[in-house]
Amino acid sequence: MKTKDQQSNLAKNFIPQDIESTLYQQWEDAGYFGVSNDDPRPAYTIVIPPPNVTGALHMGHALDHTLQDILIRFKRMDGFATLWLPGTDHAGIATQNVVERELEKKGQSRQEMGRKAFIDQVWEWKKQYGSRIVEQIRRMGSSCDWSRERFTFDEGLSHAVRHAFVSLYNEDLIYRSTYLVNWDPKNQTAISDLEVEYQEVKGMLTYFQYPLEQGGHITVATTRPETMLGDTAIAVAPDDDRYQNIIGQYALHPWLDRKIPIIADPYVKKEFGTGAVKITPAHDPNDYEMGLRHQLDMISILNKDGTMNEHAGPFQGLDCKEARKKIIAGLQEKQLLVKQEEHLHQVGHSQRSGAVIEPLLSKQWFVRTEPLAQEALAAVQTSKTTFIPEKWNKTYYQWLENIRDWCISRQLWWGHQIPVWYCDDCQKETAAIEDPATCQHCQSHHIQQDPDVLDTWFSSGLWPFSTLGWPDASKDMEKFFPTQVLVTGFDIIFFWVARMMMMSLKFTQQVPFEKVHIHALIRDEHGQKMSKSKGNVVDPIDLIDRYGADALRFSLCALSVQGRDILLSEKKIEGIRNFINKLWNAGKFVEHVCQDQQQAAQPPQPTLSINQWIVHRLHEVIGQVRHNLELMKFNEIADQLYHFIWHEFCDWYLELSKPHLYGQHVQEKQETIQTLLYAYNTILQLTHPIMPFVTETLWQNLPLYRETKSIMLSSYPQTQKLTTEVDMKKISHLMACITLIRTIRSAHTIKPSTKISIHLWNQKNQEVIDFLQSHAIYMQELANVDHISYSAPASKENTGYDVIEGTEIAISLEGLVDAQEELQRLQKEEKKALDDIQFLSKKLKNPKFVAKAPEKLVQETKDKLKQAELTHQKLQEQLQQHSS
RNA sequence: AGGCACGUAGCUCAGUGGGAGAGCGCUACACUGACACUGUAGAGGUCGGCAGUUCAAUCCUGCCCGUGCCUACCA
């Protein structure tokens, strides 16, 4: 405990830059973030959604990490063995691209370097730049257990990946097959369906004729004329009268020596185009399916770089665009072109490179997803895992119910190389966890490993358990798995959440997490998605530099409404910065008035009404905050704390406490100090999970004996049954009277420094007046009242007058009361009372209301009406005074 | 095409089957010793439109209008 001098230890305002990094370092060095798997307390585990190792912290991470850290810090304080496991993702394509671009600048390429040298290069790069994101996570204040930090490509996780692959392979849940895949011609790799993004593009629908073998022709419509080089059929609807006579005949290819059969297939819609579709099985998913149904030839006309191959005849070597142009020109020349019309259609682009996706036939590895999906589906249906908010269940179901096999091989170098070896001698394949020396079928030494690597999401899918030591039996796995909650955005429900569910259920027979909290997307203040091209990207590190991590965290928490996007504006953060300053200055006040007091932080049993009131309110707030933490209603938590701290604790309680703190009554002063310290200490603890830095700083500075060295290790406040009776109604009435006096003053522009005398009386309720009289000091201090008479004045002329809940207030201020102003105010008040009477009596006159509405409500309405009538009557009397 | 949201104060958004809330902005007054990153008081809304259920609807139901997002193979 530091001894205190007369000077404050606290600066005028909170300056986050001064304390954040050293405080974080202290926490980390002291080992507060770590947890032992021997810890006997119940576990609470979160695994971080591993950010891309090449990445930088963006707003999405900032939100994600804020929410996770709030939960982790809350649970840690609340007595759980808390593990927040951090790490990063090797992010195959993204990382490879970054390093390739670097090489390009130096005039090098990975092809020149060769595979091994290139991968070494990427590792070098990772070592040098991969810590950036990790450092940025620290700046958020995230209390991760860094001793357990993992990387999806480190040794342990690579082992897990191989184990998973081989297990699935042995169960025939992974297979290799030639299939029409999404080909990214820029990265020259296959990608999964999920990595294809569709954009609406204005294109041309080209109508052209195929000559028929027996004379005449048939007109087809297509958005991609160049694929006609791979056409192996023309399909029509089986019941299309126009084409009945030519089904089974052949069309002739204008450039290639090929006869193209006319086939009938129910897939074709008569209404679209001409009702006749050219079929290119090797370059269109639907055509591919049809090709399988009709055993059509599948002629691939594209090279892997997207140019025309040897099957394209005279067009070989051209890229798609050029080929399209030349073909249209050629058709025109041959008088086969019918027309072209504008046409809007969806075109797939690579999520990573932006290149137009080419469906391409190639041999790839796939995961057979259906059996895995069924279990993943059932786990959510039976609530073993629940989504928050619940609406995401449906999204999850829909995808899993219609799931297609997952293409997991990528023609890249950076990633987990597929653990399958092909034998040069017997041609068979060997899948193995450890690199085999020989073919398991013929023992030949001439084996080659498959050059492809796995989709990054394959390793991410194992993340919740591979990071805890799986497939080995580990104490971490035993203690911390399954995890309690996953916090992430909806954009990766399919990519990641669903796959973790499938993998975890398959390999551990358990769900990976009990809850999945899906948070919103962060947009700019105008609701626009943040993107580099729009130039509206907000850098969280920049915001931390300027406002502090606490302000950013609290803002994100306050804006995090379930199921809705977040619009982040700098104004909001400024507001929270001000709030932090408020909390800070309250801390300075506490320090100032408590001097050398060192009290135990026990809940006091105060005798003064105001102290009873704040303790009572505090415990209501503790209950609400705990409740909303469990429900993960983050905005509610922030709102409740904001309102309570600023508008109840600071605006009311601190002001109400001053008469005692600055007064001479030793016992009252003592009690108030104790209550103040207790309340403030509790407020800091309640707020700590959201704003760790400022609360720790203020807490360290409190003149209190404490059981722990850091607020983050102290116990989270609990609600307690308070033994003192508190008449909240009377205190509310007192506050309402204070507000009313201020209102009257303000209406007459009486300077705050001018002392006034007032009359205060209540004809119906002497008890209320007794209470007000015994609490007069507060009215005097908070409304700058000099003298109070507890009876009606002899004359109500030249007074500011109002009535509240039967208590009448008259401010006598000869000469200062503006008669006109007063009249208007009273008229307004009177009208309000009259509206009340009308509203309430209308209800009560309705016999159905009296008969059917809850009795309590009817009684309340009656009471309110009585009150309104009284108020109205008093105001009318006063108005008569004015007119006379 | 199917699915999911959302239309509440000038702006950004909470909220509930029983008389509309916050933050910012705006107006007036005030540098009383925690705080001008402040205090006090105030102005401002047919809760998108139309019907229905109900004693009672901003909230529940249906339709309509408007705005976003996700999924999907229409050549």
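Residues numbered from 1 in each chain as written. Chains lettered and ligands numbered in written order. Predicted model: local features only at pLDDT ≥ 70, side-chain atom pairs only at ≥ 80, totals over all residues. Heavy atoms only, no water.

1. Considerations on the nonpolar core
Phase 1: The biggest cluster of nonpolar side chains holds 197 residues, and the ones touching the most others in it are Phe165, Tyr396, Leu400, Phe458 and Phe649.
Phase 2: Counting residues per element, this core draws most heavily on helix H20 (residues 634–661), which supplies 14 residues.
Phase 3: The next biggest cluster of nonpolar side chains, apart from the first, holds 35 residues, and it includes Trp183, Leu256, Ala312 and Leu360. (Core = buried A, V, L, I, M, F, W, Y, C linked by side-chain atoms within 4.5 Å. Buried < 20%, exposed > 50% of the residue type's maximum accessible area, 1.4 Å probe, protein only. Helix = DSSP H or I, 4+ residues; strand = E, 2+ residues; numbered from the N terminus.)

2. Overview of the confidence of the model for chain A
Phase 1: Here chain A shows a mean pLDDT of 90. Residues at 70 or above account for 97%.
Phase 2: Of the regions scoring below 50 in pLDDT, residues 1–6 engages in 15 contacts with residues more than four places distant in sequence or in other chains.
Phase 3: ipTM for the predicted complex: 0.96, alongside a pTM of 0.92. (pLDDT = per-residue confidence, 0-100. Contact = heavy atoms within 4.5 Å.)

3. Focus on the pairing of strand S1 (residues 43–47)
Phase 1: The buried fraction of S1 is high, at 5 of 5 residues.
Phase 2: Here S1 shows no split at all, with Ala43, Thr45 and Val47 on one side and Tyr44 and Ile46 on the other all buried.
Phase 3: Taken together, the 5 bridges between S1 and strand S2 (residues 81–85) define a ladder with parallel strand orientation. Its bridge partner being in S2, Thr45 is matched across the sheet by Leu83.
Phase 4: Chirality of the crossover, the property in question, places the unit of S1, helix H2 (residues 59–77) and S2 among those that are right-handed. (Pairing = 2+ DSSP bridges. Right-handed = clockwise from strand over helix to strand, strands pointing away.)

4. Looking at the pattern of salt bridges
Phase 1: Scanning the entire structure with this criterion turns up 43 salt bridges.
Phase 2: Among the ionic pairs, Glu28 bridges to Arg138, the shortest N-O distance being 2.9 Å. With Glu28 in helix H1 (residues 16–29) and Arg138 in helix H6 (residues 131–139), this pair connects stretches of sequence that are 110 residues apart.
Phase 3: A relative accessible area of 22% means that Glu28 is categorised as partly exposed.
Phase 4: On the basis of relative accessibility, which here comes to 17%, the residue Arg138 falls in the buried class.
Phase 5: Note that Lys259 and Glu213 form a salt bridge whose closest N and O atoms lie 3.3 Å from each other. Remark: Glu213 occurs in the loop between strand S7 (196–211) and strand S8 (217–222) and Lys259 occurs in strand S11 (residues 259–264); sequence separation between them is 46 residues.
Phase 6: Residues participating in the shared-partner salt-bridge network are Arg224, Glu226, Arg324 and Glu358. (Salt bridge = Lys/Arg side-chain N within 4 Å of Asp/Glu carboxyl O.)

5. Looking at the packing of helix H23 (residues 728–747) against helix H24 (residues 766–774)
Phase 1: Contact geometry for H23 and H24: axes closest at 10 Å, N-to-C directions at 70°. With respect to their mutual orientation, H23 and H24 come out roughly perpendicular. On H24, the residues that touch Lys730, Ile731, His733, Leu734 and Cys737 of H23 are Glu767, Val768, Phe771 and Leu772.
Phase 2: Partitioned by chemical class, the residues of the contact of H23 with H24 number 6 nonpolar, 1 polar and 2 charged. (Axes fitted to C-alpha atoms, helices over the stretch in contact; angles between N-to-C directions. Parallel < 35°, antiparallel > 145°, perpendicular 65-115°, else oblique. Nonpolar A, V, L, I, M, F, W, Y, C, P; charged D, E, K, R; others polar.)

6. A look at the sheet that holds S11
Phase 1: With mixed pairing, the 4 strands of this open sheet are ordered in space as S10-S11-S9-S12. The open sheet has two edge strands with one neighbour each: strand S10 (250–252) and strand S12 (276–279). Put simply, the sheet's adjacent strands are angled 30° from each other on average, direction ignored.
Phase 2: Where S10 lies against S11, 3 bridges are found, and the strand directions are antiparallel. Counterpart to Leu252 in the pairing with S11 is Lys259.

7. With respect to the packing of aromatic side chains
Phase 1: Enumeration according to the criterion identifies 38 aromatic pairs in this entry.
Phase 2: The interplanar angle of 70° and the centroid separation of 6.2 Å between the aromatic rings of Tyr44 and Phe80 together place this pair among those described as edge-to-face. With Tyr44 in strand S1 and Phe80 in the loop between H2 and S2, this residue pair connects regions lying 36 residues apart in the sequence.
Phase 3: One aromatic cluster in this structure is built from Phe165, Tyr169, Trp365, Trp406 and Phe458.
Phase 4: Here Arg73 stacks its cationic end above the ring of Trp27, 4.7 Å away from the centre of that ring.
Phase 5: In this structure, Lys259 is placed above the aromatic ring of Tyr250, and the distance from its NZ or CZ to the ring centre is 5.0 Å. (Phe/Tyr/Trp six-rings, centres within 6.5 Å; stacked < 30°, edge-to-face > 60°. Lys NZ or Arg CZ within 6 Å of the ring centre and 35° of its normal.)

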